[in-house]
Amino acid sequence: MTTPPSELPERYDPAAAEARWQGIWDAEKAFHAEPVARDGEVVVIPDRPKAYVLEMLPYPSGEIHMGHVKNYTMGDVVAHHRRRTGHVVFHPMGYDAFGLPAENAAIRTGEPPAEVTARNIAAIRTQLKRLGFSIDWDVEISTADPGYYHWTQWIFLRFLEKGLVERREAAVNWCPKDQTVLANEQVVDGLCERCKAPVELRQLPQWFLRITDYAQALLDDMDLLVDWPERVLTMQRNWIGRSVGARVEFGLDDGSATIPVFTTRPDTLHGATFFLVAPEHPMVPRLIEGRPEQAEVTAYVGTAARTPLAERSSAERTKTGVFTGRHVINPVNGEPIPVWVADYVLMDYGTGAIMAVPGHDARDFQFATTFGLPIRRVIAEEGVEADAPLVEAMTDPGRLVNSDVLDGMAVEEAKATMCAWLAERDLGDATVGFRLRDWLISRQRYWGAPIPVVNCPECGVVPVPDDQLPVLLPHIDDYAPKGQSPLASATEWLHTTCPACGGAATRETDTMDTFVDSSWYFLRYTAPHLSNAPFSREITDYWLPVDQYIGGVEHAILHLLYARFFTKVLHDLGLVGTREPFARLFTQGMIHHQGAKMSKSRGNVVPPDDIINRFGADTLRLYILFMGPAADDAEWSDSGVEGQRRFLDRVWRLVMALPGDGAGERPTPDELAGDDAALALVRKAEATVDKVSQDIGERFSFHTAISAIQELVNHATRDAGDGTLDTPAGHRALHHAARTTVSLLFPFAPHIASELWERMGGGERLWEEPWPAADPAFLVADTVTIVVQVNGKLRDRIEVAPGMADDALLEMALALPKVEAALGGAEIKRKIVVPGKLVNLVVARP
RNA sequence: GCCGGAGUGGCGGAACUGGUAGACGCGGGGGACUUAAAAUCCCCGGCCCUUCGGGGCGUGCGGGUUCGAGUCCCGCCUCCGGCACCA
């Protein structure tokens, strides 16, 4: 659409109206909610029901995109609806402001990240305000503010006290381009999620949060997440990867030590013919010390360390390994089996060592075949000989063979029996393994919350005392990565005294993963300026859990798992009352354009500001929700946007052309009696109220809510145009339909709705007008359409009064000429009557 | 391979509990208004056949249950997402 909005007065002018209403809402603090924790204030907890409506906070890149528009518009519709249905609505906004992009800009331009970020936040805020969201701007936060990261550090120290923080040397994912360590979650297909450089493994001292301690709780409490999408729960389950099995101790041949393994198949222990340890296994140097194999094994370990992660973890790759010259004793039969080092064994899963059962594990089978190691059958299918040779690993169910006391048992029985057998002899026990790894939170970067500890040559790692928080980011001149944190170059900041002994010490120079910041932000909104605590228990107990959380499915694992973990720990520390942060979650689909995800590199981005400039914010809000089911991906269409603008213009014209009389309350059925068109329109309005309320309140089905409003507007416009409503009752019906339309439209298109509401004499404060409730008297129709079928095929329809007796319906149906023709004189074998719906006549098929 | 989700007109989609398939919107065709255009309004759009009354077929494919299936069951196919050398 290239034509500028007409200057004609009857045309709606979004620019003027939107600016005006945004000004009114701002001045009135229309969307501020209490309670919020403030220094020295007594808290009053409301007795009305609350609704905490939250959308995932944006990273302040400086520009919002259509995904943000969709996310925040959905949240805004829900917030408006809850507000007008009697809830105290908390609807805050903030910025996930630490992170690499601002730092990378600093490396390029030398401008401090804090300044880049402040400018970007201001730009984002302006764009969000242009969309007219009902956000409580009084509680806005930025995770990069010292007032915020003070408490991120404080929470870190609580984790430290609870033993949930660990500093350890570990093989970590290292991105050579970003010069930093990555969390497992940030490595995708062996590449850095951010810059796509191949990730390397490095042994470095790093900081971890022990999320694995909460693996089981994270699984168990999914029961509390009744309104989470199934696929998100599945993704988290896959990620946590619980498997039930056993820990089994294998003694070294010289009796000097035992090496534990984790296996999910303790039933196959008699089939273990060799033993594998990971190259990084701490026992490796001891195993080969002074042996002829030492040189070869050491070389293999070195090669494994240099092999890129993606290659090493590829299932297609041929198995490699090297014999250590040593043996361990299989505890079930005393048999010595050879110990090999193989890089398909992962040090950070299970115990870093496995028993190899080539007969019943595909990977072990391949290894045995490659290196000529024995393969033993211990399970046989029905009708297969116990010693039948295996040409591939047999992983199907069957009966145990060649397994002593287990012989003849089914797999499940054998597992249980073996676990009991091992436990009795103190050789192992039933246990559970998780795929989930501890969360690596240290980053060798500047723009993050400094890890609040001091490294003292005498005392080791010493936490910074609470009263010395926050550990502020120092000013530095050069942000370029050098393999260690740029913070190390701030010498004055770096050198400090040990809080424990007072001697010379240095500060920790690593900063925290930004996912730490965003793991608790939903709590800080309730106390954005509180200076002596991160939040107040009394107030978080009122607001939490978040009633409706909305965001992109790309956060299904990372952010949502971390935030759940944080909430559980804070709960166990007695700091919050809830075990889960987000009671209901909605994950939205992405907006595509020209067949692909919108991205700068593809050049297919449609900037929201452009659309607002051309059509107004209301049109954009309406269109983004009308595109399709909110959970699905949707394809951007310029002409689709125009369609929604046309709709708003139609609403505008409907209201502006309302007759001078007829305004007022909803007419009663009696007042409309005898005026069919007026009655039908009021019925339509009431049905629309019902439909829209359900679609917003229960179904998250915004596109059908909008179509329902469009149907009402079409109905009213049509009847208003052709004179059918040119009666006193008709005018009242028309006014009621228009008022209902505007009221229902408000959550989607708040500016034009407010403007029209005011022009209809409703005043300024539509945001707090009670949500309409349908009058049930109008929801029962005075006629219903009965479908008449013959053998299940539609033949005719009849209009009858509701509640007509079955016999009467049948009689009418049988009298229909079309039905008579379809029956063709055949005998009716069965008559089905569904009251209010249909009649189905069943005859013998010719 | 394992787990989860989805397949409906030219397009996005609707049909919520088994009961009128295609609401609403986009695009398309025709018409009114206009000097013309834009805007607006009206009409027509699943496919095939038709003597213009209507008839047949139709929701990825093949079966089944049922008076009746887009919806339920069984078996496939395709697409999307997650996990995957995790012992």
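Residues numbered from 1 in each chain as written. Chains lettered and ligands numbered in written order. Predicted model: local features only at pLDDT ≥ 70, side-chain atom pairs only at ≥ 80, totals over all residues. Heavy atoms only, no water.

Draft legend 1. Looking closely at the overall build of chain A. Helices and strands together make up the secondary structure of chain A, namely 27 helices and 34 strands. A burial count over chain A gives 54% of its 846 residues as buried. Summarising the internal contacts of chain A: among those between residues at least 6 apart in sequence, 72% fall at separations of at least 24. Positive and negative side-chain charges of chain A, numbering 82 and 117 respectively, have mean locations separated by a distance of 3 Å. (Helix = DSSP H or I, 4+ residues; strand = E, 2+ residues; numbered from the N terminus. Buried < 20%, exposed > 50% of the residue type's maximum accessible area, 1.4 Å probe, protein only. Contact = heavy atoms within 4.5 Å. Lys, Arg positive; Asp, Glu negative; His and termini not counted. Charge placed at Lys NZ, Arg CZ, Asp CG, Glu CD.)

Draft legend 2. Local environment of helix 19 (residues 617-626). Burial runs high along helix 19: 9 of the 10 residues are buried. For helix 19, the set of buried residues is Ala617, Asp618, Thr619, Leu620, Arg621, Leu622, Tyr623, Ile624 and Leu625.

Draft legend 3. The arrangement of the pattern of salt bridges in detail. For the coordinates displayed, the defined rule picks out 49 salt bridges. Residue Glu580 is joined to Arg564 by a salt bridge in which the shortest nitrogen-to-oxygen separation is 2.8 Å. Pair noted here: Glu580 is in the loop between helix 17 (558-572) and strand 27 (585-588) and Arg564 is in helix 17, with a separation of 16 residues, a long-range link. With a relative accessible area of 4%, Glu580 lands in the buried category. For Arg564, a relative accessible area of 0% gives the class buried. Taken together, the shared-partner salt bridges in this structure form one network comprising Glu166, Arg168, Arg210, Asp213 and Asp438. (Salt bridge = Lys/Arg side-chain N within 4 Å of Asp/Glu carboxyl O.)

Draft legend 4. Fine view of the protein's contact with RNA strand B. Of all residues adjacent to RNA strand B, which total 58 residues, the nearest are Thr264, Lys319, Arg363, Arg435 and Gln710. Within 4 Å of the protein, the atoms of RNA strand B are drawn from sugar and phosphate moieties in a proportion of 65%. Between RNA strand B and the protein, one listed contact pairs a phosphate oxygen with a side-chain N or O atom of Tyr349 at 2.9 Å. Contact distances for RNA strand B include 2.6 Å between a base oxygen and a side-chain N or O atom of Asn840. (Near = heavy atom within 4 Å. Polar contact = N/O pair within 3.5 Å; in protein donor to acceptor, adjacent residues only side chain to side chain.)

Draft legend 5. View of the packing of helix 22 (residues 676-699) against helix 24 (residues 728-745). Where helix 22 meets helix 24, the axes come as close as 8 Å, and the angle between the chain directions of the two elements is 15 degrees. The angle between helix 22 and helix 24 places the two elements in the roughly parallel class. Pair helix 22 / helix 24 crosses with left-handed handedness. In contact with Ala678, Leu681, Val682, Ala685, Glu686, Thr688, Val689 and Val692 of helix 22, helix 24 contributes Ala729, Gly730, Ala733, Leu734, His736, Ala737, Thr740 and Leu744. Classifying every residue of the contact of helix 22 with helix 24 gives 11 nonpolar, 4 polar and 1 charged. (Axes fitted to C-alpha atoms, helices over the stretch in contact; angles between N-to-C directions. Parallel < 35°, antiparallel > 145°, perpendicular 65-115°, else oblique. Left-handed = near helix turned anticlockwise from the far one by under 90°. Nonpolar A, V, L, I, M, F, W, Y, C, P; charged D, E, K, R; others polar.)

Draft legend 6. Looking closely at the sheet that holds strand 21 (residues 453-456). On the basis of which strands lie adjacent, the open sheet formed by 4 strands has the order 22-21-24-23 and antiparallel pairing. The open sheet terminates on both sides in strands that have one partner only, identified here as strand 22 (460-463) and strand 23 (495-497). In this sheet, adjacent strand axes meet at a mean angle of 45 degrees when their direction is disregarded. Relative to strand 24 (residues 504-507), strand 23 is paired through 3 bridges, and the arrangement is antiparallel. Across the sheet, residue His495 finds its bridge partner in strand 24, namely Thr506. (Pairing = 2+ DSSP bridges.)

Draft legend 7. Region of interest: the side chain of Gln548. Of note, Gln548 is situated in strand 26 (residues 548-552). Of the residues examined, Gln548 reaches a relative accessible area of 6% and is grouped as buried. When neighbours within four sequence positions are excluded, Gln548 is seen to be in contact with Tyr52, Val53, Leu54, Arg584, Leu585, Phe586 and Phe700.

Draft legend 8. Structural detail: the packing of helix 23 (residues 702-721) against helix 24. Taken N-terminus to C-terminus, the directions of helix 23 and helix 24 make an angle of 155 degrees; their axes are 10 Å apart at the nearest point. By the angle class used here, helix 23 and helix 24 are roughly antiparallel. Handedness of the helix 23/helix 24 crossing: left-handed. Within the contact between the two elements, helix 23 uses Ile709, Leu712, Val713, Ala716 and Ala720 and helix 24 uses Leu734, Ala737, Thr740, Thr741, Leu744 and Leu745.

Draft legend 9. Quick peek at the sheet that holds strand 1 (residues 50-55). The parallel open sheet is built from 4 strands, whose spatial order is 2-1-26-27. The two strands at the open ends of the sheet, each matched to only one other strand, are strand 2 (88-90) and strand 27. In this sheet, adjacent strand axes meet at a mean angle of 15 degrees when their direction is disregarded. Bridging between strand 26 and strand 27 involves 4 bridges; their strand directions are parallel. Directly across from Gly551, in strand 27, lies its bridge partner Thr587.

Draft legend 10. Structural context of the confidence of the model for chain A. Summary statistics for chain A give a mean pLDDT of 92 and a share of 98% for residues scoring 70 or more. Considering only residues more than four positions removed or in separate chains, one finds that residues 1-9, a stretch of pLDDT under 50, has 7 contacts. Prediction confidence for the complex, expressed as pTM and ipTM, is 0.93 and 0.95 respectively. (pLDDT = per-residue confidence, 0-100.)

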